[in-house]
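Spelled out, the chains give:
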Amino acid sequence: MSVSGKKILIAVSGGIAGYKIHFLIRDFVKKGAEVQVIMTPDAENFVTKLSLSTLSKKPVYSDFYSDNGTWNSHVEMALWADVMIVTPCTANTLSKMVHGMCDNLVIATYMSAKCPVFIAPAMDLDMYAHPSTKKNLELAESFGHIIIPAENGELASGLIGQGRMAEPATIFNTVEHYLSSDIQSRSLEGKTVLITAGPTYEAIDPVRFIGNHSSGKMGFSLAEEASKRGAKVILISGPSFQIINDPNIELYKVTSAKEMLAKVFEFYESVDIGIASAAVADYAPKEVAKEKIKKNDENLTIELVKNPDILKTMGEKKTHQFLVGFALETQNEEENAKGKLEKKNLDMIVLNSLRDEGAGFKNDTNKIKIFTKTEKKEFNLKSKDEVAKDILNFVEAQLLK
Ligand code: C5P
């Protein structure tokens, strides 16, 4: 993994987080990258061209023309770059980018760029949470740009919330990770990913069971996507009609929660990323009848006992594993999901609400929200294969922090 020899175009807009750009430039230059800095006119109120050009070892431009009458070609700079990073990206600059409001050198350069574009927004929490910012970030993402989300913490206003520009190290790592072409396609090489999928069936007698409508599709899509990215994948699935054609995925079929738990812990120590997408039955019959139960009586009572919580046990025994859980909720969705994140000692939880049409069990589509202890991200309704990409992209971004 290296950025050595890469051409990095850093576009700075007018936010207080501009002071962090010095560290970012230094990181790239230290690793042998060439850095060209451009800035919006307002950025000059926060950082000086002199400090940025001293670190980048190149003149810094903010106007179409220099004082000596030379033309600062936005087209040349845009085509020169291997990547463009807009950071800090203010609400104003973000809005101009996605709507083509081309009234300064940064936007003109951005609109001429053919390279991958990274955006690290920075703004006050209410501006970051505003629907217009959310919409603009979605638009930027739909153009194929890579958003490096703002972090939670103390803001220049004194308020505390999400809006702080990502740390220079996070921005550097994200770009470095992307630039290594091997890593682009094999981003989980060397990692072992364990996924639980499908329902569990809890036997009542030799022919009947307690189960649920889970199809297993989400877990299988995750397994295929992780395998494409070069991971060693261990897929532990309850009864399901899904099939796997990928010889690199180790598929273990189980029936009950207890079997699933036992299989998970055969591998747990060697696992780097654990994703529990199985819809495990919470209760199982206390006794399994040896023979088929006859319908003699008017009423039949089956005593149920609590099943082991597989994910919670994984959370309790966590040493180095990055743990992802799922929450399928019908009410108080976010609160419940965040509660599970804490209670099960998870690093990340994926919420799907049964209130959202097309989300959850059985469907080929899903609409998710992801939570970590400090972040929240909402996604649109997508196929489960696309959702698997979003989930793994999010996991990878967390691992870089
Ligand atoms: O507590 P709840 O069942 O809503 O939690 C859902 C999450 O916990 C899912 O990730 C699911 O796979 C996991 N889970 C588990 N074992 C259980 C119950 C849930 O691994 N017995």
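From a predicted model like this one, the values you see are computed outputs, not experimental measurements.

Asks: Just give me the short version of the site of the ligand, but keep the residues and values in it.
Replies: In the region of the ligand, the neighbouring residues are A276, A278, V280, D282, P308, D309, I310, L311, G325, F326, K340 and K344. The contact in question runs from an oxygen atom of the ligand to an N or O atom on the backbone of F326, over 2.8 Å. At a separation of 2.9 Å, an oxygen atom of the ligand approaches a polar side-chain atom of K344. Broken down by secondary-structure element, the contributors of at least two residues to the shell around the ligand are α12 (310-316) and β16 (322-329).

Asks: Help me get a handle on the sheet that holds strand β2 (residues 34-39), residues and values and all.
Replies: Sheet strands pair by backbone hydrogen bonding; their relative direction is either parallel or antiparallel. Taken in spatial order, the five strands make up an open sheet running β2-β1-β3-β4-β5, and their pairing is parallel. Looking at the sheet topology across the chains shown, the edges are occupied by β2 and β5 (146-147). Note: strand β1 (residues 7-12) against strand β3 (residues 83-89), four bridges, orientation parallel. Following the sheet pairing, I10 is matched in β3 by I85. Each of β1, β2, β3 and β4 (117-121) touches helix α5 (residues 105-112); the most contacted strand, β2, lies at about 130° to it.

Asks: Outline helix α13 (residues 333-343), listing residues and values.
Replies: Of the residues making up α13, those classed as buried are E333, A337 and L341. Summarising the axial view, the buried residues of α13 lie within an arc of 70°, below the 170-degree limit, and thus occupy one face. Opposite the packed face of α13, turned more than 90 degrees from it, sit the exposed residues E335, E342 and K343. Packing partners of the buried residues in α13 comprise β16, β17 (348-353) and β19 (368-371). The positive-phi residue at the C-terminal boundary of α13 is N345, with phi of around 55°.

Asks: Tell me about the packing of helix α10 (residues 217-228) against helix α14 (residues 384-399), and name the residues and values.
Replies: At a closest axis distance of 8 Å, the pairing of α10 and α14 adopts a crossing angle of 60°. It follows from the interaxial angle that α10 and α14 lie oblique. Where α10 crosses over α14, the two elements pack in a sense that is right-handed. Residues K217, M218, S221, L222, E225 and A226 of α10 form the contact with α14, whose participating residues are K384, D385, V387, A388, K389, I391 and L392.

Parameters and conventions
- Residues numbered from 1 in each chain as written.
- Predicted model: local features only at pLDDT ≥ 70, side-chain atom pairs only at ≥ 80, totals over all residues.
- Heavy atoms only, no water.
- Near = heavy atom within 4 Å.
- Polar contact = N/O pair within 3.5 Å; in protein donor to acceptor, adjacent residues only side chain to side chain.
- Helix = DSSP H or I, 4+ residues; strand = E, 2+ residues; numbered from the N terminus.
- Pairing = 2+ DSSP bridges.
- Contact = heavy atoms within 4.5 Å.
- Axes fitted to C-alpha atoms, helices over the stretch in contact; angles between N-to-C directions.
- Buried < 20%, exposed > 50% of the residue type's maximum accessible area, 1.4 Å probe, protein only.
- Arc of directions from axis to C-beta.
- Parallel < 35°, antiparallel > 145°, perpendicular 65-115°, else oblique.
- Left-handed = near helix turned anticlockwise from the far one by under 90°.

Purely geometric stuff here, so don't read any function into it on its own.
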